[in-house]
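# Architecture and fold: a report
Each chain, written out:
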Amino acid sequence: MGSEARCEASFQGQSGEGRAYLESEGLSFRGDVRFNIPVKSVLKVHVVAGALKVTTAEGVASLELGQELAEKWAHKLLNPRSLLDKLGVKAGQKVCTLGVKDAAFREELTAKLGAAPSNRVLKDSDLLFFAVETAEDLERLTALQQGIKRDGAIWIIRPKGKASRLSDGEVLRAAKASGLTVVKVAKFSETYTAEKLVIPVAQR
C-alpha cells in the first residue's frame, strides 16, 4: 500500500490544496493542481522548512507536508522498493519458478538468492512463482501448495487488463478451492500482475 496526505502543493507555476499520493511507481497530486511524477523522472529530492521538493526535467514540485512526513517521503523516493522487495524475496530463501519466462526477473532472483531459482517444485519452498494463462493452469494450485512451507506463498503471475484470459473472480475461486487465500496484489511489470496466495493461518 502507498501513502497519502492532504496538503498544499505547487508545480509549474500552479498551486493549491489537494491530496498527495506516494506509491512505489512515483508521486502524484490531485486537487487544485494535478501532476504525476514517476520515480524514474526524479532528478533530485530534498526537504526545505517542512516542504518536500522534488526536481524533475519539467520543474520542481513542492509539497507542504511538514518536516517529519516530508523527510519520510523523501527517503522513500530516494530509496524505492525493488520488485523483489515488494514480492517478499529474501536472501537464502528456497524459491521456485514455474513457467516464468522473464529473463531479467530470473537474473534478479539469482543475484538476490545467491543461486538460480529452481524450475521445478521443491519441498518446503518459501516462495513459488507460477505463471498462468488459463483457468486450466489454476487447477494445479492444489498440488502446488503441497510444495510450499505452511507459512510460504505462491505468487500467481498473469497478464493484466484486456490481455488476460482470466478474471479476478476465477483466480479467487480457484484459490479458495485449493485451500489458499489471496492476500496481496502487486505490479509485476507493465503487462503482468502478481497475486500472492497463502495457506490460511487456521489451516497451517
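For the structure itself, look to the data block above.
Residues numbered from 1 in each chain as written. Predicted model: local features only at pLDDT ≥ 70, side-chain atom pairs only at ≥ 80, totals over all residues. Heavy atoms only, no water.

Moving on: the sheet that holds strand S3 (residues 26–31). Taking strand neighbours across the sheet as the criterion, the seven strands line up as S4-S3-S2-S1-S7-S6-S5 in an open arrangement whose pairing is antiparallel. The sheet is open, and its two edges are formed by strand S4 (35–38) and strand S5 (44–48), each paired on a single side. Between one strand and the next, the sheet's axes are offset by a mean angle of 30 degrees, whatever the strand orientation. Relative to strand S7 (residues 59–64), strand S1 (residues 3–11) runs antiparallel, the two sharing two bridges. Along S7, the bridge assignment pairs serine 10 with serine 62. (Pairing = 2+ DSSP bridges. Helix = DSSP H or I, 4+ residues; strand = E, 2+ residues; numbered from the N terminus. Axes fitted to C-alpha atoms, helices over the stretch in contact; angles between N-to-C directions.)

Below, the discussion takes up helix H1 (residues 67–78). The end-to-end C-alpha distance of H1 is 16 Å, a good match for the 16 Å that 12 residues give at a rise of 1.5 Å each. Buried within H1 we find Ala70, Trp73, Ala74 and Leu77. Down the axis of H1, the buried side of the element spans an arc of 105 degrees, and every buried residue falls inside it. Exposed side of H1, more than 90 degrees from the buried face: Glu68 and His75 are the residues found there. Residues of H1 that are buried make contact with S1, strand S2 (14–23), S3, S5 and strand S6 (51–56). (Expected span 1.5 Å × (residues − 1). Buried < 20%, exposed > 50% of the residue type's maximum accessible area, 1.4 Å probe, protein only. Arc of directions from axis to C-beta. Contact = heavy atoms within 4.5 Å.)

Here glutamine 12, not a glycine, exhibits a phi torsion of approximately 50 degrees, which is positive. Structurally, glutamine 12 is set in the loop between S1 and S2. By relative accessible area, glutamine 12 is classed as exposed at 54%. Phi angles above zero are rare outside glycine, and aspartate 124 is one such case at about 60 degrees.

A cluster of acidic residues, Glu8, Glu17, Asp32 and Glu64, forms a negative patch at the surface. Among the secondary structure elements, glutamate 8 is positioned in strand S1. The partly exposed category is assigned to glutamate 8, whose relative accessible area is 44%. (Patch = residues over 30% accessible without salt bridge, like charges linked within 9 Å, V, L, I, M, F, W, Y side chains within 5 Å. Areas by Shrake-Rupley, 256 points an atom, 1.4 Å probe, with all protein chains shown as cover. Salt bridge = Lys/Arg side-chain N within 4 Å of Asp/Glu carboxyl O. Lys, Arg positive; Asp, Glu negative; His and termini not counted. Charge placed at Lys NZ, Arg CZ, Asp CG, Glu CD.)

The biggest cluster of nonpolar side chains holds 22 residues, and the ones touching the most others in it are Phe29, Phe35, Leu52, Val54, Leu63, Leu65 and Trp73. Where this core is concerned, the elements lending two or more residues are S1, S2, S3, S4, S6, S7 and H1. Setting aside residues up to four positions removed in sequence, valine 54 forms contacts with Leu27, Ile37, Val42, Lys44, Gly59, Val60, Ala61 and Leu77. (Core = buried A, V, L, I, M, F, W, Y, C linked by side-chain atoms within 4.5 Å.)

Turning next to the packing of aromatic side chains. The final tally for this structure, using the stated rule, is four aromatic pairs. On the numbers, 5.1 Å between centres and 50 degrees between planes, the contact of phenylalanine 11 with phenylalanine 35 is tilted. You can see phenylalanine 11 sitting in strand S1 and its partner phenylalanine 35 sitting in strand S4, a full 24 residues away along the chain. Plain terms: the ring middles of phenylalanine 105 and phenylalanine 129 are 5.2 Å apart, the flat faces sit at 80 degrees to each other, and that makes the pair edge-to-face. Here the residue phenylalanine 105 occupies a position in helix H3 (residues 103–113), and phenylalanine 129 occupies one in strand S9 (residues 125–131), the gap between them amounting to 24 residues. The two residues phenylalanine 105 and phenylalanine 129 agree in class, both being buried. (Phe/Tyr/Trp six-rings, centres within 6.5 Å; stacked < 30°, edge-to-face > 60°.)

Before going further, it helps to examine the pattern of salt bridges. Going through the model one piece at a time under the given rule, you end up with six salt bridges. Between glutamate 195 and arginine 158 there is a salt bridge, with its nearest N and O atoms 2.7 Å apart. Here the residue glutamate 195 occupies a position in strand S12 (residues 192–198), and arginine 158 occupies one in strand S10 (residues 148–159), the gap between them amounting to 37 residues. With a relative accessible area of 6%, glutamate 195 lands in the buried category. A salt bridge links lysine 187 to glutamate 190, with the shortest nitrogen-to-oxygen separation between them at 2.8 Å. You can call glutamate 190 exposed: its relative accessible area is 62%. Each member of the salt-bridge network shares a partner with another, and the members are Arg158, Asp168 and Glu195.

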